[in-house]
Amino acid sequence: MRVLVSIALAAALAACSTSTTEQIIGGADTATDGNADNTDGTDGTDAVDGTEGAGDAADATDGTDGTDGSADPWSFIPDGQDQVCATPFKYTGNNPTFYPFTGRSYDAPDNNSYSFSCTRCPTGYDFVAGKYRRYIDENPELPKADDESELWEFKGNAFINRIEAVDSADGQRKTVVAKGYYFCPDAGTLPFKTPDFWNVMLVYTEVDPPGAFGIEVGATDPCFLGFSIESGGDDILVGCNFLWDPKESAAQQDTYCRVGSMVQGRLCTDPTLDGK
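This report concerns the structure included in the present document.

On to the overall build of the chain. Secondary structure assignment for the chain yields 2 helices and 16 strands. For the chain, with 276 residues in total, the buried portion stands at 53%. In the chain, once contacts between residues fewer than 6 apart in sequence are set aside, the share between residues at least 24 apart is 62%. When the accessible area of the chain is evaluated, it comes to approximately 11700 Å², of which 50% is carbon and sulfur surface.

See the structure below:
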């Protein structure tokens, strides 16, 4: 959820309740896991909408429901090649499908403009590919899908994020599907106390409906993407500095389990299918 929580990142990552250890992808630093794991967002297994039948022509073009027929939820990925930095991170470069990074300029919330000419994670992190569900209290069955749910799906460095919850901006329950990609900025390009901590930049290319949960097309968020050393990538943490706060005092962090994996003896499932 893109609800800002005021935290001291280092302390928060060290004081959470889960027992796994999160490692910054591409680096050697470690920090303790947050409180929940985030998943895909494609709604690609929507059992209700996806079984309506071949005659549902309008739904077949709905890019959020990948099981309806001809629509490809990943059709937003263009062709091209990455502009790779001189010192790329480890664990990258092996994904056959990816969103090519060719450079980006961004007017950030701190009222400064930034330019990025290359990525340190060409084609994205190879082991992150898959679908992930946000969970809390070390229980992949929580939160209940009737209350709220969030899924991330990664293909190379491209992502689809699906959130269903009450939007605090207007009190309305909504489902938003956001698409985009991430890149890894070169060292020294971010204005933060610990720039290497923010190892990925999430770029949103499509948001439906626009502005839901504060997500706008073109938003570029500095984020921490970590994985559990103990689970080998079945558990990831995402924490983002949406305000580009140079003191790193405001951020949101969530943890996510890979759909199909086990968490504390419980199966991590796709919340769009829970109870159906």
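Turning our eyes to something else, we now look at the nonpolar core. Among the nonpolar cores identified, the biggest contains 30 residues, and Tyr125, Phe154, Leu202 and Tyr204 are the most heavily contacted of them. Aside from chain neighbours lying at most four places away, what touches leucine 202 is Trp152, Phe159, Tyr181, Tyr182, Ala219, Thr220, Asp221, Cys223 and Cys240. Membership of the second largest hydrophobic core comes to 24 residues, among which are Ile77, Tyr114, Phe116 and Leu237.

Counted under the stated rule, the structure contains 4 disulfides. The disulfide that involves cysteine 257 links it to cysteine 268, with 2.1 Å between the sulfurs. A torsion of 80° about the S-S bond marks the disulfide between cysteine 257 and cysteine 268 as right-handed. Placement of cysteine 257 in strand S14 (residues 250-258) and of cysteine 268 in the segment after strand S16 (266-267) is noted, with a sequence separation of 11 residues between them. Bonded cysteines in the chain are paired 1-2, 3-4, 5-6, 7-8 when counted in the order they occur along the chain.

We now examine the pattern of salt bridges. Under the defined criterion, the tally for this structure stands at 8 salt bridges. With its nearest N and O atoms 3.3 Å apart, the salt bridge here joins arginine 162 to glutamate 164. On the accessibility criterion, glutamate 164 (22% relative accessible area) is partly exposed. Within this structure, Arg134, Glu148 and Asp254 form a network of salt bridges that share partners.

So, about the environment of glutamate 248. By the secondary structure assignment, glutamate 248 is in the loop between strand S13 (235-240) and S14. With 55 residues separating them in the primary sequence, glutamate 248 and lysine 193 have C-alpha atoms 7.3 Å apart. A polar contact of 2.8 Å, which involves the side chain of glutamate 248, links it to the side chain of threonine 194. A polar side-chain atom of glutamate 248 sits 3.0 Å from a polar atom in the side chain of tryptophan 198.

One pass over the structure, following the stated rule, counts 18 aromatic pairs. Consider the rings of tyrosine 99 and tyrosine 181, whose centres lie 4.3 Å apart with planes at 10°: the pair is stacked. With tyrosine 99 in the loop between helix H2 (57-60) and strand S5 (104-107) and tyrosine 181 in strand S10 (residues 172-183), this pair connects stretches of sequence that are 82 residues apart. There is no split in this pair, since tyrosine 99 and tyrosine 181 are both buried. One aromatic cluster is present, formed by Tyr106, Tyr114, Phe192, Phe197, Trp198, Phe224 and Trp244 through successive ring pairs.

Further remarks concern the pairing of strand S9 (residues 158-167). Within S9, 8 of the 10 residues are buried, which leaves it mostly tucked inside the rest of the structure. Note that strand S8 (residues 149-155) and S9 share 7 bridges and pair antiparallel. In the sheet register, phenylalanine 154 faces S9, and the bridge partner there is phenylalanine 159. If you look at the hairpin formed by S8 and S9, you'll find 2 residues sitting between the two strands, and glycine 156 has a positive phi there, around 60°. Pairing geometry for S9 and S10, over 10 bridges, is antiparallel. Paired with alanine 158 across the bridge in S10 is tyrosine 181. What sits between the antiparallel neighbours S9 and S10 is a turn of 4 residues, in which glycine 171 has the positive phi angle 75°.

Reading the values: rules and limits
Residues numbered from 1 in each chain as written. Predicted model: local features only at pLDDT ≥ 70, side-chain atom pairs only at ≥ 80, totals over all residues. Heavy atoms only, no water. Helix = DSSP H or I, 4+ residues; strand = E, 2+ residues; numbered from the N terminus. Buried < 20%, exposed > 50% of the residue type's maximum accessible area, 1.4 Å probe, protein only. Contact = heavy atoms within 4.5 Å. Areas by Shrake-Rupley, 256 points an atom, 1.4 Å probe, with all protein chains shown as cover. Core = buried A, V, L, I, M, F, W, Y, C linked by side-chain atoms within 4.5 Å. Disulfide = S-S within 2.5 Å. Salt bridge = Lys/Arg side-chain N within 4 Å of Asp/Glu carboxyl O. Polar contact = N/O pair within 3.5 Å; in protein donor to acceptor, adjacent residues only side chain to side chain. Phe/Tyr/Trp six-rings, centres within 6.5 Å; stacked < 30°, edge-to-face > 60°. Pairing = 2+ DSSP bridges.

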